[in-house]
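Descriptive structure summary
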Amino acid sequence: MSIDDKLLRIRFVVDSGTPHIIVDTTRCAGCSEKPCLFACPVQCYKMESHALVFNWENCVECGTCRIVCPGGAVNWNYPRGGFGVCFRFG
Ligand code: SF4
Ligand code: SF4
């Protein structure tokens, strides 16, 4: 089964207005390699107009970005109870 097939079996309950990850993008300009762009399995991190943009709504809560970020820019917490990712549908 491909990663795309597995991702199709995921559901999200988005806690609108309460992101469980907050990225301090003021630290990102000095980050030359930007490993978050390659490590996030669902591409929550993107470059737009030479600036890092983070969208948390599709996060699968793997915690990888928190580990690979060399600048300590990722403030990562679990979502509130009842919110976040749900696995193994379909
Ligand atoms: S790895 Fe961390 S510091 Fe570097 S661009 Fe990504 S979030 Fe910013
Ligand atoms: S926790 Fe995982 S899925 Fe969520 S933004 Fe970080 S790397 Fe991406």
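Residues numbered from 1 in each chain as written. Chains lettered and ligands numbered in written order. Predicted model: local features only at pLDDT ≥ 70, side-chain atom pairs only at ≥ 80, totals over all residues. Heavy atoms only, no water.

Further remarks concern the pairing of strand S3 (residues 45-48). Sheet topology places S3 next to strand S4 (residues 51-54); four bridges connect them, and they run antiparallel. When the bridges of S4 are listed, Tyr-45 appears paired with Phe-54. The antiparallel hairpin formed by S3 and S4 contains two residues in its connecting segment, where Ser-49 sits at a positive phi of about 50°. (Pairing = 2+ DSSP bridges. Helix = DSSP H or I, 4+ residues; strand = E, 2+ residues; numbered from the N terminus.)

Let us now look at the side chain of Glu-61. Mapped onto the secondary structure, Glu-61 falls in the loop between S4 and helix H3 (64-68). Buried and unpaired, Glu-61 has no salt bridge, with Arg-66 as the nearest side chain of opposite charge at 10 Å. (Buried < 20%, exposed > 50% of the residue type's maximum accessible area, 1.4 Å probe, protein only. Lys, Arg positive; Asp, Glu negative; His and termini not counted. Salt bridge = Lys/Arg side-chain N within 4 Å of Asp/Glu carboxyl O.)

Its identity is not glycine, yet Ser-49 carries a phi of approximately 50°, on the positive side. Among the secondary structure elements, Ser-49 is positioned in the loop between S3 and S4. Although it is not a glycine, His-50 adopts a positive phi angle of roughly 65°. Within the secondary structure layout, His-50 lies in the loop between S3 and S4.

A word on the site of ligand 2. Residues in close proximity to ligand 2 total 15 residues, the closest being Cys-40, Cys-59, Cys-62, Cys-65 and Trp-76. Considered class by class, the residues forming the shell around ligand 2 number 12 nonpolar, two polar and one charged. (Near = heavy atom within 4 Å. Nonpolar A, V, L, I, M, F, W, Y, C, P; charged D, E, K, R; others polar.)

A separate point is the side chain of Lys-34. Residue placement: Lys-34 occurs in the loop between strand S2 (21-23) and helix H2 (36-39). Look at Lys-34: it is buried, it has no salt bridge, and the nearest opposite charge is Glu-33 at 11 Å. Those residues in contact with Lys-34 that sit more than four places away from it in its chain are Cys-28, Ala-29 and Met-47. (Contact = heavy atoms within 4.5 Å.)

What follows covers the environment of Pro-79. Topologically, Pro-79 is positioned in the loop between strand S5 (74-76) and strand S6 (84-86). Along the backbone, Pro-79 and Leu-37 are 42 residues apart, and their C-alpha atoms lie at a distance of 22 Å.

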